[in-house]
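Working through the structure, step by step
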Amino acid sequence: GEMPLVYILIALVFCFVVQLETVQEYLQTLFETRGPFFCGPVLSTIIFLGTWHFYGAVQAYMDTKRDKEKYWWAKYKMHYKDELSYFDMLPIVLRNQVAFVPWSFVMYSLGRGYNTSSIPSPVKIILEVIVALLGYEVVFYWFHRMLHSNNWFYQWHSLHHKTKGSVGVSAMYASVLDGFVTNYGAGSLGLFLMDSHVVSVWLFSFIGALNSIHSHGGYDFPYMPSPDEHELHHAKYIYNFGIGVFDVLCGTGVKPKKKERSSTKK
């Protein structure tokens, strides 16, 4: 797929900014005055949900402007297959997010994953985010494959597959168990194992929110990972269960052919 240069650039700019002396002084004051509870689960949840809903709403607006001659983004839209609209999906999405929010506070109570010591180096921030991504992949891929076994699929995962990958917020249109494990649970493993600093959690939350919407929105923007592989998963069910690592290792990764994809546009 496309090299995620946008995400890489965001990470590099973020690492640069948090190394600035004035920013570090501000953050240390924030940690001391507001404490790890606010800076950890509260602020990371605000960053994730704020980014997620903002980008989801932006894509929903973009979906109403389909004229490729007038709107630059329309030419990057792969299809409009979903029958359910943004507003149709929102109640279940909000139900799930209300149910998931307490998990951040559970992880905080375990004493790992929201470190507020001195600001780590750029290398350490990037390392913690990479480990978080790998932890996400381990949980997401294997739980997702399990959901696609007959019994689990029909009970827990079929709701998500009523969506077709053309509405960003469909990422969390799912049963509570499915949505929790494949979003919050999967995202927590690497952060917990590394006892990640809160700035790493903020960065991971921001990029994770962007990618959650992007991977289900059907916009194949340049310099971002193409959502076409996950679109194929929604179409065929037996390919592309994760974000790439285990799909390659286990032989379940398939890249859609452009000719096939163009013939399915709607």
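Our subject is the structure that appears above.
These notes cover the structure that comes with them. Everything numeric here is computed off the predicted structure, so don't read it as measured data. Every chain's residues receive numbers from 1 upward, in the order its sequence appears when written. Local features in this predicted model are restricted to residues whose pLDDT is 70 or higher, and side-chain atom pairs enter the listing and the counts only when it is 80 or higher, whereas totals over whole chains, interfaces and linings include all residues. Processing note: side-chain calculations cover all non-hydrogen atoms of the structure and skip hydrogens and water entirely.

Secondary structure elements are defined from DSSP: runs of H or I of at least 4 residues count as helices, runs of E of at least 2 residues count as strands, and each element is numbered from the N terminus. Secondary structure summary: the chain contains 11 helices and 0 strands in total. In sequence order, the secondary structure elements of the chain are arranged as α-α-α-α-α-α-α-α-α-α-α. Relative to a compact globule of 266 residues, whose C-alpha radius of gyration would be 18 Å, the chain shows 19 Å and is just as compact. In terms of overall dimensions, the chain has a C-alpha envelope of 55 × 45 × 35 Å along the principal axes. Whether two residues are in contact is decided by their heavy atoms: any pair within 4.5 Å suffices. By sequence separation, contacts in the chain at least 24 residues apart represent 79% of the contacts at least 6 residues apart. Note on areas: Shrake-Rupley, 1.4 Å probe, and residue coverage restricted to the protein chains presented here. Here the chain has roughly 13,300 Å² of accessible surface; of this, 66% comes from carbon and sulfur atoms. Between the centroid of the 22 positive side chains of the chain and the centroid of its 20 negative side chains there is a distance of 9 Å. A radius of gyration in this sense is built from C-alpha atoms; the matching globule rule multiplies 2.2 Å by the number of residues raised to 0.38. Positive charges are assigned to Lys and Arg, negative charges to Asp and Glu, while His and the chain termini are left out of the count. The atom standing in for a charge is NZ when the residue is Lys, CZ when it is Arg, CG when it is Asp and CD when it is Glu.

Counting 52 residues, the largest nonpolar core has Leu27, Phe31, Trp52 and Trp202 as its most contacted members. Residue assignment for this core shows that the elements contributing at least two residues are helix 1 (5–17), helix 2 (21–63), helix 3 (86–100), helix 5 (122–147), helix 7 (176–194) and helix 8 (198–217). For this core, the leading source of residues is helix 2, giving 13 residues. Buried residues of nine kinds, namely Ala, Val, Leu, Ile, Met, Phe, Trp, Tyr and Cys, make up a nonpolar core once their side-chain atoms join them within 4.5 Å. The rule is simple: take the accessible area with a 1.4 Å probe, protein chains only, and divide by the maximum for that residue type; under 20% is buried, over 50% is exposed, in between is partly exposed.

This part covers the packing of helix 4 (residues 102–109) against helix 7. At a minimum axis distance of 11 Å, the contact between helix 4 and helix 7 shows a crossing angle of 25°. With respect to their mutual orientation, helix 4 and helix 7 come out roughly parallel. In the crossing of helix 4 with helix 7, the sense of the turn from one axis to the other is right-handed. Where helix 4 approaches helix 7, its residues Trp103, Ser104 and Met107 are matched on the opposing element by Phe180, Tyr184, Gly185, Ser188, Leu191 and Phe192. Convention adopted: a line fitted to C-alpha atoms gives each axis, helices being fitted over their contacting stretch, and angles between N-to-C directions are expressed from 0 to 180 degrees. Angle categories are assigned with fixed cut-offs, so that under 35 degrees is roughly parallel, over 145 is roughly antiparallel, 65 to 115 is roughly perpendicular, and the rest are oblique. Each crossing gets its handedness from the near helix: less than a right angle anticlockwise from the far helix is left-handed, clockwise is right-handed.

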